[in-house]
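# Summary of structural features
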Amino acid sequence: MAKIVILGAGISGHVAASHLRRKLDNTHEVVVVSPNSNYQWIPSNIWVGVGRMKSDQILFPLAPLYKKKNIGFKQAKVTSFFPEGDSDNAKPFVMAEYVSEEKRGETEKITYDYLINATGPKLNFEATEGLNPGTNKTYSVCTYTHANHAWQGLQALIGELKQGKEARIVIGTGHAKATCQGAAFEYILNVEQELRRQNVRDKAKITWISNEYELGDFGMDGMLLSYGSNIMKSHEMVEMVFEDRDIEWILGAGVNKIEDGVAHFETLNGEHKTIEYDFAMLIPSFSGHGFKAFDKNNQDITEKLFKGFMIVDADYTPKPYEEWTVQDWPETYQNPSYPNIFAPGIAFAPPHSISKPRKSPSGTEIFPSPPRTGMPSGITAKLVADNIIDSIMQQKESLHHKGSMGNMGAACIASAGFGMTKGSGISITTFPIVPDYKKYPDTQGRKLGKTFGEIGLAGHWLKLALHYAFIYKAKMKPFWYLIPE
Amino acid sequence: MTRRISNFKRFVMMNPIIQFFRFLYLSIKVLLIVAGGHGGTRKI
Ligand SMILES: Cc1cc2nc3c(=O)[nH]c(=O)nc-3n(C[C@H](O)[C@H](O)[C@H](O)COP(=O)(O)OP(=O)(O)OC[C@H]3O[C@@H](n4cnc5c(N)ncnc54)[C@H](O)[C@@H]3O)c2cc1C
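A short tour of the structure in this document, coming up. (Residues numbered from 1 in each chain as written. Chains lettered and ligands numbered in written order. Predicted model: local features only at pLDDT ≥ 70, side-chain atom pairs only at ≥ 80, totals over all residues. Heavy atoms only, no water.)

### Observations regarding the sheet that holds strand S16 (residues 247–250) of chain A
In a beta sheet, neighbouring strands are held together by backbone hydrogen bonds and run either parallel or antiparallel to one another. Residues and elements named next belong to chain A. The line we're drawing: A strand pair is defined by DSSP finding two or more bridges across the two strands. We count a stretch as a helix when DSSP gives it H or I for four or more residues in a row; a strand needs E for two or more, and each element gets its number in order from the N terminus. Any two residues whose heavy atoms approach within 4.5 Å at even a single point are treated as in contact. Lines fitted to C-alpha atoms define the axes, with helix axes restricted to the stretch in contact, and inter-axis angles between N-to-C directions lie between 0 and 180 degrees.
Strands sit in the order S11-S20-S12-S13-S16 across an open sheet of five strands; the sheet is parallel. Pairing within the sheet leaves two strands with one partner each, and these edge strands are strand S11 (138–139) and S16. In this sheet, strand S20 (residues 279–283) lies alongside S11 in parallel orientation, the contact comprising two bridges. What sits directly across from Tyr 139, in S20, is Met 281. Strands in contact with helix H5 (residues 181–197) are strand S12 (167–173), strand S13 (204–209), S16 and S20; relative to S13, the strand with the most contacts, it is inclined by about 170 degrees. Relative to the sheet, helix H6 (residues 234–245) contacts S13 and S16, its axis offset from that of S16 by approximately 130 degrees.

Printed below as a string of structure tokens:
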């Protein structure tokens, strides 16, 4: 009988665990190892960061749910991988260190038949000097704790604006290779709306700072999209929204140092500049967790498993931008050296960026890393779970389920402000996520009918509906599996 | 030159009745993209 161990209980880890448990009978063991005792619906952190939702509305404790559903749960963080076992253990295992109060510091070798690494990114604040959420007037909204801090900081500033202070707010990316521009984009629009709601908008200048070459790149090389009866580029759409909201922008900026209320950055044309602010939210760079791997003789084999993130069935051969193809992107998220290890969601190493790489004259790479949003994270986790289920049932390896980001659509509903009548959302869908320039040569690598943008109140309602639907699904309430990833 | 959101567009964007129908349309469109499926890209 098989034991499947899932590392991480974020979108991918939780999706994989819940599908495995639903489809495999109880003779098979499903175990989740994750340091956070709660599940959080990360996209709604944007609303926590502007005080429109409380963090307890976006999270719930995992242990009671997993107990009820017969999913094993270890509140621990994995530190190293032993895919061949070691001298004492013939079975592969991961070494985990408990972080729960009762067992803090204890370690355990957790054996497995199949391993799903869904540990997402490490929020690599250290890569930017002085970038530490909650200090230097600089915040993050990447976790609910960060978002709570951000709201405290913003609330204090709004108080000062009401007293007549004038201020500058800076929102965007905090590193030359950061990703997740979409989250920063949502946050800037929500902050702008919150200032208007509190009647202090005229007191604050709001500036977007980003490593993107053009607005609306979003780490996806931008897109050509249909907008009503028009066809426009994503940069035109974002420009239109920023103009409308009186938001200034700085592009091609690699933030490299933060001091108290000051961001230092290098631009693509080689200038070194600073911007002062009273409040900033800057997304850090994402990196792998720095896991180590060892063979059965305790020799370091980290490079067989990791390239920063986990190595999967992608084509990692270095090649120039012009030679990149969608075929480089993974389809099954299986590690080529150890076929019982998979890495869906953000945990897999992408073959290259999606945005065109660009360098400043001094050689600093300034461009977004590839994003992996919630929808592909869920889809890739489900297909990994389905392949494992098939392999267990058929008692031989089955990799029938495939899902390349070059043949998968994504819907991104970016909140542009909260409120049942005053809210707004920018709904953007793309197909495929990674542009396929061969298949769609005339429309910037994407299928136009499936790549569209829409702005308005309906977008807010949709985002709110998705919030409730995905929390319902994550809680595994009746018929949860009918809600697609 | 940057495009601008006209007053009429803004009315359409924020009118709850029009937006209710946009909501239904958007939900279906997003669902179709998700349900449209996914697959590999490599020929075997
Ligand atoms: C503010 C914000 C807003 C966003 N908004 C949207 C949106 O509107 N739409 C959208 O599609 N996407 C959005 N995203 C992106 C989306 O949240 C990610 O794509 C998604 O969370 C990735 O899922 P994941 O499971 O791969 O990683 P994560 O969600 O990061 O989960 C990783 C898990 O691994 C655990 N873990 C970490 N280290 C270890 C370890 N050593 N051992 C074991 N477990 C470990 C973590 O505790 C966590 O449970 C947003 C992201 C942010 C930050």
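More follows now that the structure is in view.
### Comments concerning the interface of chain B and chain A
Going by this rule: Once two parts are joined, some of their accessible surface, as seen by a 1.4 Å probe, is lost; buried area is that loss totalled over both. The salt bridge criterion pairs a side-chain nitrogen of Lys or Arg with a carboxyl oxygen of Asp or Glu, the two atoms within 4 Å. Side-chain atoms alone can form a polar contact between residues adjacent in sequence; in general such a contact is a pair of N or O atoms within 3.5 Å, and within protein one must be able to donate a hydrogen while the other accepts it.
With 27 residues of chain B at the contact, the number on the chain A side is 49 residues. Buried surface at the junction of chain B and chain A, both sides included, amounts to about 3,300 Å², of which 62% is carbon and sulfur. Taken as a group, Arg 3, Ile 33 and Arg 42 of chain B account for 22% of the area that chain B buries against chain A, more than any other trio of residues on that side. Inspection of the chain B/chain A interface yields five salt bridges. The residue Arg 22 of chain B makes a salt bridge to Glu 454 of chain A at a minimum N-O spacing of 2.6 Å. Seen at the junction of chain B and chain A, the total is 16 residue pairs in polar contact (both at pLDDT 80 or more).

### What about the packing of helix H9 (residues 457–474) of chain A against helix H2 (residues 16–35) of chain B?
Test applied: Orientation categories follow fixed angle ranges, with anything under 35 degrees roughly parallel, anything over 145 roughly antiparallel, 65 to 115 roughly perpendicular, and all other angles oblique. Handedness of each helix crossing follows the sense of rotation of the near helix against the far helix: counterclockwise by less than a right angle gives left-handed, clockwise gives right-handed. Here the nonpolar group is Ala, Val, Leu, Ile, Met, Phe, Trp, Tyr, Cys and Pro; Asp, Glu, Lys and Arg are the charged ones; every other residue, Gly included, is treated as polar.
Where H9 of chain A meets H2 of chain B, the closest approach of the two axes is 8 Å, and the angle between their N-to-C directions is 50 degrees. Here H9 of chain A is positioned oblique relative to H2 of chain B, judged by the angle of their axes. Once H9 of chain A is placed against H2 of chain B, the crossing between them reads as right-handed. For the pair H9 of chain A and H2 of chain B, contact is made by Leu 457, Ala 458, Gly 459, Trp 461, Leu 462 and Ala 465 of chain A and by Pro 16, Gln 19, Phe 20, Arg 22, Phe 23, Leu 26, Ser 27 and Val 30 of chain B, respectively. Residues that form the contact of H9 of chain A with H2 of chain B fall into these classes: 10 nonpolar, three polar and one charged.

### Some details on the pattern of salt bridges
Between side chains of opposite charge, pairing is possible as soon as their charged atoms come close. Residue and element names in this part refer to chain A. Selection criterion: Between buried and exposed lies partly exposed: a residue is buried under 20% and exposed over 50% of the maximum accessible area for its type, with that area taken using a 1.4 Å probe on protein chains only.
The full count for this structure, using the stated rule, is 30 salt bridges over all chains. For the salt bridge of Glu 194 with Arg 52, the shortest nitrogen-to-oxygen distance reads 3.8 Å. Taken together, the positions of Glu 194 in helix H5 and Arg 52 in the loop between helix H2 (45–48) and strand S4 (59–61) put the pair 142 residues apart, joining distant regions of the chain. In this structure, Glu 192 and Arg 196 form a salt bridge, with 2.9 Å as the shortest nitrogen-oxygen distance. You can see Glu 192 and its partner Arg 196 sitting in helix H5, four residues apart, about one turn around the helix. Arg 196 gets classed as partly exposed once you look at its relative accessible area, which sits at 40%. Connected via shared salt-bridge partners are Glu 192, Arg 196, Arg 201 and Arg 245.

### Describing the pairing of strand S9 (residues 114–117) of chain A
Residue and element names in this part refer to chain A. A two-sided burial pattern is seen for S9, the buried positions comprising Tyr 114 and Ile 116 on one face and Leu 115 and Asn 117 on the other. Taken together, the four bridges between strand S1 (residues 3–7) and S9 define a ladder with parallel strand orientation. When the bridges of S9 are listed, Ile 4 appears paired with Tyr 114. One ladder, built from two bridges, connects S9 with strand S25 (residues 341–342); its direction is parallel. Counterpart to Leu 115 in the pairing with S25 is Ile 341.

### Here's the deal with the sheet that holds strand S19 (residues 272–276) of chain A
Residue and element names in this part refer to chain A. Read from one edge to the other, the open sheet built from three strands follows the order S17-S18-S19, with strand pairing classed as antiparallel. Looking at strand neighbours, the two that pair on one side only are strand S17 (253–259) and S19, the edges of this open sheet. Along the sheet, successive strands turn relative to each other by an average axial angle of 30 degrees, direction set aside. Note that S17 and strand S18 (residues 262–267) share six bridges and pair antiparallel. Following the sheet pairing, Val 255 is matched in S18 by Phe 265.

### Considerations on the site of the ligand
Residue and element names in this part refer to chain A. Note the cut-off: Whether a residue is near a molecule or strand is decided by its heavy atoms; if any one of them lies within 4 Å of it, the residue is near. Every accessible area reported is derived by Shrake-Rupley at a probe size of 1.4 Å, with residue values counting cover from the shown protein chains alone.
Inspection of the region around the ligand gives 32 residues, with Ser 12, Ile 346, Arg 372, Gly 374 and Lys 463 positioned closest. Between Ser 34 and the ligand, the recorded distance is 3.3 Å, taken from a side-chain N or O atom to an oxygen atom. Notes on the ligand: free accessible area 1,000 Å², of which the protein chains cover 87%. Looking at the shell around the ligand, the elements with two or more residues in it are helix H1 (11–23), strand S6 (76–82), H5 and helix H8 (374–394). If one sorts the elements of the shell around the ligand by residue count, H8 sits on top with three residues. Partitioning the shell around the ligand into residue classes produces 17 nonpolar, 11 polar and four charged.

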